[in-house]
Amino acid sequence: MPSVRAMQSVVEFDNVGLRYGTGSETLTDLTFKLYPGSFYFLTGASGAGKTSLLKLLYLAHRPSRGAIQMFGEDAVTLPRDRLPGFRRRIGVVFQDFRLVEHLSTFDNIALPLRISGIQEKDIKGPVTEMLNWIGLAERAEARPATLSGGEQQRVAIARAVIGRPEVLVADEPTGNVDPEMAKRLLQLFAALNKLGTTIVVATHDIHLLQEIEGSQMMRLDKGRLSDPTGSLKNPPKPLILKS
Amino acid sequence: MLLDFALPDHERKLIPEGRVSGSMPWVIAIMTFLTVLAAAAGLVLANAALQGGADLARQVTVQIIEPDPAARTAQRDTVANMLRSEAGVTEVAPVPDARVRELLSPWLGSDVIDAEIPVPSLIDITLDEPANESVLTALAAKIRKLAPSAKLDSQASWMAPFSNLMNSLLLLTGGILLLLLLATATSVMIAIRSALNTHRETIEIMHMMGGTDLQAARLFQRRMALDALFGGVVGFILASAIIWLLSLQFSAAGTSLLTGASMPWYGWIILALIPLAVMGLAMLIARRTVISALKKIL
């Protein structure tokens with residue numbers, strides 16, 4: 001993607017490390033760039049640091065060392081009162097969904113729009129459309145506790161994409177849905193990606209790479225990007241997929 | 001800040017509708033009840049001190065100490081006539097000799113007074129303004145021209161210890177009010193911290209989606225305001241009922257002992273403002289507690 005390479009990166013990590021408390025580093029020497037409109041799969045074994053890296057991407061943590069540039073600004077020293085503005089540009093699908101228990105399906109999906117101060121008259125249409133798209137229009141008033149794991153996951157994804165974020169970060173977004181729904185959700189991601197959203201999907205299932213044309217793979221191994229330059233510069237090779 | 005009370009419906013739903021804490025409205029009701037009673041006591045005391053003090057501060061007694069009874073009576077009448085035409089003197093009341101003897105008889109015995117002790121002649125005068133040193137000096141000078149042995153006693157002089165007592169009681173009432181407000185603020189802080197823990201997950205999700213500390217604070221302060229308003233109104237109604245019952249008992253006890261010990265009309269307005277003040281305080285504390293707690297997380 002030479003045209004993408006010429007663009008300014010939306011996220012840039014430079015020698016980033018993350019340590020929880022006084023333990024050893026969970027993430028070590030991460031250096032990479034994410035470009036607008038690109039689609040990345042983040043893979044690696046359990047405990048490799050995928051979720052920690054995603055937390056850095058959605059600004060839930062600050063790194064212990066190194067520099068992170070997001071949307072052209074230093075995200076490490078970003079004042080706390082500017083974080084909300086940055087976070088509104090990032091959509092997140094949490095591994096454990098993190099739906100708000102007392103809110104209905106409709107209200108959970110509408111949450112990012114309401115937080116951003118969108119008028120109520122402009123919320124119903126997009127949320128209803130999204131409910132139809134994920135096949136949960138009938139369950140608009142249902143509380144998360146009454147939804148199945150797969151349904152909750154779809155609500156979590158709908159909530160993450162409803163605000164058309166510039167960066168979408170998803171932690172195992174297809175882990176609890178059947179293959180058909182997984183395909184539909186990936187199509188949703190792809191559609192969003194075509195509109196310019198940079199997407200990072202953490203997954204164990206490297207076969208998903210086949211579903212998204214032009215997607216790239218970032219592989220984490222014990223907190224390090226195993227091929228921090230090669231894997232990001234080139235589209236995934238069939239060889240990687242076979243592994 | 002008070003405008004945040006009127007949050008749009010969809011924002012209210014971000015944390016569950018209902019009270020911040022089950023017992024919070026009742027804690028605030030008790031605090032408001034005690035605050036209203038303490039404030040009412042303070043207002044009654046202040047009113048009594050103001051009314052009694054103002055009346056007594058205008059009272060002056062002239063003593064004519066003349067051994068010759070005929071001269072004493074003549075001087076008393078002359079002084080009384082002079083005072084009646086004096087500017088600034090609104091009332092002149094010579095005290096009959098019989099009344100003076102009656103007042104002294106419990107200490108000296110009536111037989112002794114009549115036979116051996118000459119009692120002074122007294123004139124009670126009321127000024128149009130509280131007596132001050134210069135007014136008293138000028139008045140004394142005029143009186144002594146007619147009655148050289150005359151002496152002036154301002155009631156304010158013996159009122160001083162009473163005023164000091166009143167001031168001490170008022171300070172004590174003010175201290176109690178402050179302690180009650182402090183206790184209310186602390187209760188609100190504890191309740192809000194507990195509510196924050198309960199809703200931590202929701203607040204974190206809101207944060208990750210770009211919610212601001214202020215958005216979260218507004219949710220909690222609105223709920224606290226509702227609790228405080230409910231508790232405040234209940235506490236105010238109960239305290240008002242007690243004050244009303246006490247005022248009936250005061251009236252029945254007679255007014256001579258409790259002159260001025262009544263609630264001034266503006267007192268009820270001040271008392272009615274207490275629930276609103278408690279609500280405002282609760283909202284402010286809730287807002288500050290939430291913002292301060294959220295600053296500790298990214």
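Please read these numbers as outputs of a predicted model, since none were measured by experiment.

**Student:** I'm lost on the sheet that holds strand S3 (residues 121-127) of chain B in this one. Help?
**Tutor:** For sheets, the rule is that strands pair by backbone hydrogen bonds, running either parallel or antiparallel. Residues and elements named next belong to chain B. Taking strand neighbours across the sheet as the criterion, the four strands line up as S2-S3-S1-S4 in an open arrangement whose pairing is antiparallel. The open sheet has two edge strands, strand S2 (89-95) and strand S4 (150-154), and neither has a second partner. Each strand of the sheet is rotated relative to its neighbour by a mean of 20°, with strand direction disregarded. In this structure, strand S1 (residues 59-64) lies alongside S3, joined through six bridges in antiparallel fashion. From the neighbouring strand, threonine 61 faces S3, where its bridge partner is aspartate 124. Sheet strands touched by helix H6 (residues 133-146): S1, S3 and S4. Its angle to S4, the strand with the most contacts, is close to 155°.

**Student:** In this structure, what is going on with the sheet that holds strand S2 (residues 25-34) of chain A? I would like to understand it.
**Tutor:** Residue and element names in this part refer to chain A. If you walk across this open sheet you meet the four strands as S2-S1-S4-S5, and the pairing is antiparallel. What marks the edges here is a single partner per strand, and that holds for S2 and strand S5 (73-74). Summarising the sheet, strand S1 (residues 11-19) and S2 pair through six bridges and their orientation is antiparallel. When the sheet's bridge partners are listed, glutamate 12 is paired in S2 with lysine 33.

**Student:** Explanation requested: a nonpolar patch on the surface in the structure shown.
**Tutor:** Residues and elements named next belong to chain B. Among the surface-exposed residues, Leu50, Trp265, Tyr266, Ile269, Ile270, Leu273 and Leu276 lie close enough to one another that they form a single nonpolar patch of about 740 Å² accessible area. The biggest single contributor to the nonpolar patch is helix H10 (residues 265-294), with six residues. Turning to its location among the elements, leucine 273 is positioned in helix H10.

**Student:** Would you mind showing me how to read the interface of chain A and chain B here?
**Tutor:** As a measure of interface size, the accessible area lost when the parts come together is often cited. Each partner contributes to the interface: chain A provides 23 residues, whereas chain B provides 22 residues. Of the roughly 2,100 Å² buried at the junction of chain A and chain B (both faces included), carbon and sulfur atoms supply 61%. With a shortest N-O distance of 3.2 Å, B:Glu201 and A:Arg98 are connected by a salt bridge. Summed over the shared surface of chain A and chain B, the number is six residue pairs in polar contact (both at pLDDT 80 or more). Contributing elements (two or more residues each) for the side of chain A that touches chain B: helix H3 (83-87) and helix H4 (105-115) of chain A. Element by element, the count of residues in the side of chain A that touches chain B is highest for H4(A), at five residues.

The rules behind the values
- Residues numbered from 1 in each chain as written.
- Chains lettered and ligands numbered in written order.
- Predicted model: local features only at pLDDT ≥ 70, side-chain atom pairs only at ≥ 80, totals over all residues.
- Heavy atoms only, no water.
- Pairing = 2+ DSSP bridges.
- Helix = DSSP H or I, 4+ residues; strand = E, 2+ residues; numbered from the N terminus.
- Axes fitted to C-alpha atoms, helices over the stretch in contact; angles between N-to-C directions.
- Contact = heavy atoms within 4.5 Å.
- Patch = residues over 30% accessible without salt bridge, like charges linked within 9 Å, V, L, I, M, F, W, Y side chains within 5 Å.
- Areas by Shrake-Rupley, 256 points an atom, 1.4 Å probe, with all protein chains shown as cover.
- Salt bridge = Lys/Arg side-chain N within 4 Å of Asp/Glu carboxyl O.
- Buried area = accessible area lost by both parts, 1.4 Å probe.
- Polar contact = N/O pair within 3.5 Å; in protein donor to acceptor, adjacent residues only side chain to side chain.

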